[in-house]
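The chain contents come next:
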Amino acid sequence: MAAYGDADPSLNEPVRQGIPLTGAEVRFAVEHELALTVEDVIDRRTRWGLVDADRADLHEAVVRLAPELIAQSRHEG
């Protein structure tokens, strides 16, 4: 994951204050763990999907960091 932060230092930052998930972790989930949807990143690659209060913020952050997942999420409904 360090390589993502080296290439783009903003990916080392948490996606939101209070949630220590970084953009680098999101990109790693997509490119190396083969996450297919936004929900896959939130629910299966991290444990943050278990906190309903954080879910909307996480969804927005994952969409921003991995826009290629948006269309897939819409079709999986």
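Only a predicted model underlies this, so the values are computations on that prediction, with no experimental measurement involved.

> So what about the confidence of the model for the protein chain? Which residues, and what values?
For the protein chain, the mean per-residue pLDDT works out to 89, and 91% of the residues sit at or above 70. Put simply, helix α5 (residues 70-76) is where the protein chain has its lowest mean pLDDT, 62, and helix α2 (residues 23-31) is where it has its highest, 96.

> An account of the side chain of Thr46 is requested, with residue identities and associated values reported.
Mapped onto the elements of the fold, Thr46 is located in the loop between α3 (38-45) and α4 (52-65). A polar side-chain atom of Thr46 sits 3.3 Å from the main-chain amide nitrogen of Trp48. When residues no more than four places from it in sequence are discounted, the contact partners of Thr46 are Leu21 and Val41.

> Can you tell me about the pattern of salt bridges, naming the residues and giving the values?
This structure, assessed with the given rule, holds seven salt bridges. For the salt bridge of Glu31 with Arg27, the shortest nitrogen-to-oxygen distance reads 2.6 Å. With a gap of four residues between them, Glu31 and Arg27 both fall in helix α2, about one helical turn apart. Take Glu31: its relative accessible area is 41%, and that puts it in the partly exposed class. With relative accessibility at 13%, the residue Arg27 sits in the buried group. When the shortest N-O distance is used, the salt bridge between Arg55 and Asp43 registers 2.8 Å. A residue pair is termed long-range when its members are at least 10 positions apart, and Arg55 in helix α4 and Asp43 in helix α3 qualify at twelve residues. Linked by salt bridges that have partners in common, Arg16, Asp54 and Asp57 make up one network.

Parameters at a glance
Residues numbered from 1 in each chain as written. Predicted model: local features only at pLDDT ≥ 70, side-chain atom pairs only at ≥ 80, totals over all residues. Heavy atoms only, no water. pLDDT = per-residue confidence, 0-100. Helix = DSSP H or I, 4+ residues; strand = E, 2+ residues; numbered from the N terminus. Polar contact = N/O pair within 3.5 Å; in protein donor to acceptor, adjacent residues only side chain to side chain. Contact = heavy atoms within 4.5 Å. Salt bridge = Lys/Arg side-chain N within 4 Å of Asp/Glu carboxyl O. Buried < 20%, exposed > 50% of the residue type's maximum accessible area, 1.4 Å probe, protein only.

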